[in-house]
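Remarks on the overall topology
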Amino acid sequence: MTNTKIQSYQVFQRDGDNKARVDQEDGQVIVLPVGGPYTVGNAQNILVGDLWVLAGQSNMEGVGNLIDVEKPSPFVHSLQSREEWAVAEEPLHWPNESPRIIHHKLMGADVVPHPLPSHDPMRKTGAGLGLAFAKERYIRTGVPIGLIPAAHGGTTLEQWDPELREQGDASLYGALLKRIEDAGGSVAGVLWYQGESETSSLENIERYHRRMHALLKALRRDLQQPDLPFYCVQIGCTVSYDADAKNWNGIREAQRTWPLLLSHTAMVSAIDLELDDSIHIGTQGLKRLGRRLADVADGLPSPQLIGATFEAEQSRIRVSYRHVRGGLHASGRPSGFSLRDRNERELPLVHKVSLDENAAVLHLIDHPLPPDTFLWYGWGLNPYCNLTDAADAALPAFGPLPL
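Summing up its helical and strand segments, the protein has 7 helices and 22 strands in all. For 403 residues, the compact-globule estimate of 2.2 N^0.38 gives 22 Å, and the protein sits close to it at 22 Å. Along the longest, intermediate and shortest principal axes, the C-alpha atoms of the protein span 80 × 45 × 40 Å. The buried share among the 403 residues of the protein stands at 54%. The centroid of the 38 positive side-chain charges in the protein is displaced by 2 Å from the centroid of its 50 negative side-chain charges.

The next point concerns the sheet that holds strand E19 (residues 359-364). As summarised here, the arrangement of the 4 strands in space is E14-E15-E19-E18, forming an open sheet in which the pairing is antiparallel. Only two strands of the sheet have a single neighbouring strand rather than two, namely strand E14 (304-311) and strand E18 (350-355). Pairwise comparison of adjacent strand axes, ignoring direction, gives a mean angle of 20° for this sheet.

In this description, an aromatic ring pair is defined by two values, namely the gap between the centres and the angle between the planes. Counted according to the given criterion, the structure contains 8 aromatic pairs. Taking 6.0 Å as the distance between ring centres and 70° as the angle between the ring planes, the aromatic pair formed by Phe230 and Trp258 counts as edge-to-face. Of this pair, Phe230 sits in strand E12 (residues 230-234) while Trp258 sits in the loop between helix H6 (245-257) and strand E13 (265-269), and the two are 28 residues apart along the sequence. Given the relative accessible area of 1%, Phe230 is considered buried. Linked through ring pairs, Trp160, Trp192, Phe230 and Trp258 together constitute an aromatic cluster.

With that settled, consider the layout of surface pockets. Here the largest pocket defines a volume of roughly 400 Å³. In this structure, the largest pocket is lined by 21 residues; those nearest its centre are Asp272, Leu273, Glu274, Arg288 and Tyr384. Elements with a minimum of two residues in the lining of the largest pocket: helix H7 (283-297) and strand E16 (328-330). Tallied by class, the residues present in the lining of the largest pocket amount to 8 nonpolar, 9 polar and 4 charged.

Let us look at the sheet that holds strand E20 (residues 374-377). Overall, antiparallel pairing links the 3 strands, which are arranged E17-E20-E22 in an open sheet. On the outer flanks of this sheet lie strand E17 (337-340) and strand E22 (398-402), each paired with one strand and no other. In this sheet, adjacent strand axes meet at a mean angle of 20° when their direction is disregarded. Relative to E20, E17 is paired through 4 bridges, and the arrangement is antiparallel.

If you walk through the whole model with that rule in mind, you get 2 cavities of 30 Å³ or more. Empty space within the largest cavity amounts to approximately 60 Å³. The wall of the largest cavity is formed by Ser81, Glu83, His93, Pro95, Ser98, His103, Pro149, Ala150, Ala151 and Arg179. Here the residues of the lining of the largest cavity are counted per class, giving 4 nonpolar, 4 polar and 2 charged. Its boundaries defined by the atoms lining it, the second largest cavity holds a volume of some 40 Å³.

For the rest of this paragraph, the subject is the pattern of salt bridges. Counting across every chain of the model gives 30 salt bridges. Where Asp372 meets Arg342, a salt bridge forms, and the shortest distance between an N and an O atom there is 3.1 Å. Placement of Asp372 in the loop between E19 and E20 and of Arg342 in the loop between E17 and E18 is noted, with a sequence separation of 30 residues between them. For Asp372, a relative accessible area of 43% corresponds to the partly exposed category. Through salt bridges with shared partners, a single ionic network connects Glu136, Arg137, Arg140, Asp295, Asp298, Arg325 and Asp389.

Before going further, it helps to spend a moment on the environment of Phe133. Along the chain, Phe133 falls in helix H3 (residues 130-141). Through-space distance from the C-alpha of Phe133 to that of Leu116 is 29 Å; in sequence the pair is 17 residues apart. Contact partners of Phe133, with chain neighbours within four places excluded, come to Trp52, Leu191, Gly290, Leu293, Ala294 and Ala297.

Running from amino to carboxyl end, helix H4 (residues 172-182) crosses helix H5 (residues 202-222) at an angle of 30°, the nearest separation of the two axes being 12 Å. Taken together, the axes of H4 and H5 lie roughly parallel to each other. Note that H4 runs across H5; the crossing there is right-handed. Each of Tyr173, Leu176 and Leu177 in H4 lies in contact with H5, whose residues at this interface are Leu215, Ala218, Leu219 and Asp222. Residue classes in the contact of H4 with H5 are distributed as 6 nonpolar, no polar and 1 charged.

Moving on, we come to H6. Note on helix geometry: an α-helix contains 3.6 residues per turn, so any two residues three or four positions apart are oriented the same way. With 13 residues, H6 extends 19 Å between its outermost C-alpha atoms, agreeing within 8% with the 18 Å of an ideal straight helix rising 1.5 Å per residue. For H6, the buried fraction is high: 10 of the 13 residues fall into the buried class. Against H5, E12, E13, E14, E20 and E22 lie the buried residues of H6. Measuring from the backbone nitrogen of Lys246 back to the side-chain oxygen at the start of H6 gives 2.9 Å, which picks out Asp244 as the cap.

On to H3, then. Taking 1.5 Å per residue as the helical rise, H3 with its 12 residues ought to reach 16 Å, and the 16 Å between its terminal C-alpha atoms agrees with that figure. Listed as buried for H3 are Gly130, Leu131, Ala132, Phe133, Ala134, Lys135, Glu136 and Arg137. Those residues of H3 hidden inside the fold are in contact with strand E5 (43-56), strand E7 (76-79), strand E10 (145-149), strand E11 (189-193) and H7. Gly142 occupies a position one or two residues after H3 and carries a positive phi of about 75°.

Another aspect to go through is the environment of Tyr193. Inspection of the secondary structure assignment puts Tyr193 in strand E11. A C-alpha to C-alpha distance of 27 Å links Tyr193 and Val319, two positions 126 residues apart in sequence.

Criteria and cut-off values
Residues numbered from 1 in each chain as written. Predicted model: local features only at pLDDT ≥ 70, side-chain atom pairs only at ≥ 80, totals over all residues. Heavy atoms only, no water. Helix = DSSP H or I, 4+ residues; strand = E, 2+ residues; numbered from the N terminus. Rg over C-alpha atoms; globule rule 2.2 N^0.38 Å. Buried < 20%, exposed > 50% of the residue type's maximum accessible area, 1.4 Å probe, protein only. Lys, Arg positive; Asp, Glu negative; His and termini not counted. Charge placed at Lys NZ, Arg CZ, Asp CG, Glu CD. Pairing = 2+ DSSP bridges. Axes fitted to C-alpha atoms, helices over the stretch in contact; angles between N-to-C directions. Phe/Tyr/Trp six-rings, centres within 6.5 Å; stacked < 30°, edge-to-face > 60°. 1 Å grid on protein atoms, 1.4 Å probe; cavity = no way out; pocket = protein on both sides within 12 Å on 5 of 7 lines; lining within 4 Å. Points joined across faces, edges and corners; volume = space filled by probe spheres on them. Nonpolar A, V, L, I, M, F, W, Y, C, P; charged D, E, K, R; others polar. Salt bridge = Lys/Arg side-chain N within 4 Å of Asp/Glu carboxyl O. Contact = heavy atoms within 4.5 Å. Parallel < 35°, antiparallel > 145°, perpendicular 65-115°, else oblique. Left-handed = near helix turned anticlockwise from the far one by under 90°. Expected span 1.5 Å × (residues − 1). Polar contact = N/O pair within 3.5 Å; in protein donor to acceptor, adjacent residues only side chain to side chain.

Structure follows, in structure tokens:
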């Protein structure tokens, strides 16, 4: 890699030999093994490990209350929004401090302020999932982590369009590529949490797979990493007068299905996590979500739906899953499943849900199953869903699934 100036607290991406080649200002190249902290010239606390991108919209940016936040670690650093490396601490994202014009355009400004604003000591929200993910990865592997926060609240897939790369810092995708280039040009993977903005129209649901395929294909091509890991989050709940439940259900289902078609991708669910406001996951839930993403980065997939079988003689429906670790669990009565007709009206047929190791069993009242009956998990804007496996990986929302 090439750096005009090595910063203190910088993290260099390891290569296949668990080393990093670091070009110094005097032209000399030094080779550092995974670990640290190292001192390189005048730069201190240098780490060699894995770089992870944090991209998407506000739930990745982090809007959790800054109460009982994840504590910093000397082995997790962050390329701050103002393009300076530091020990990672909440909040990770400060888009108003970025020298890249796109973040200011998205906040209604035409130019980058000069001088850039300083951290706001009165800030009350901003906790995210990135620090919990990184600390968990370091605990498990002993490999230091560098985070590249690049999310911006309220953004759409159209605004993340890779076709806008030529606009450079005036586009989200172009600015992200430049941040990765400045950090060395390669990363261990991308964490992606976006989709709430896609619920504005049914057309976005129809375009979702195509847009996500285009985004991932472009990242892998532009970074010259054909197997770049890309791990995403299925959107959770919202409490809003303006939201459309059909659109939220549609985006959740699109998010559940698109990673199944591509290699080195995975999805985790947030449908069971509490909110800190009308649409943003709370701080404690974000910590759990970060650890769920650490699981898939370790090759431990979240539960995936296999299908549902109507067992007529027993008057029950068996919903089967793969990748369940330690059986299915619920705090209290298992909740989240519903049977609905073609118009999504609930059919009051389920009187109990029991849990097997790899399945949820819906016990039905003695009544014929109506034609055009569909099964859902996590229907609606703010469903109460509480099923996970023993490793705290949540079942994904799905539906409509015809029976």
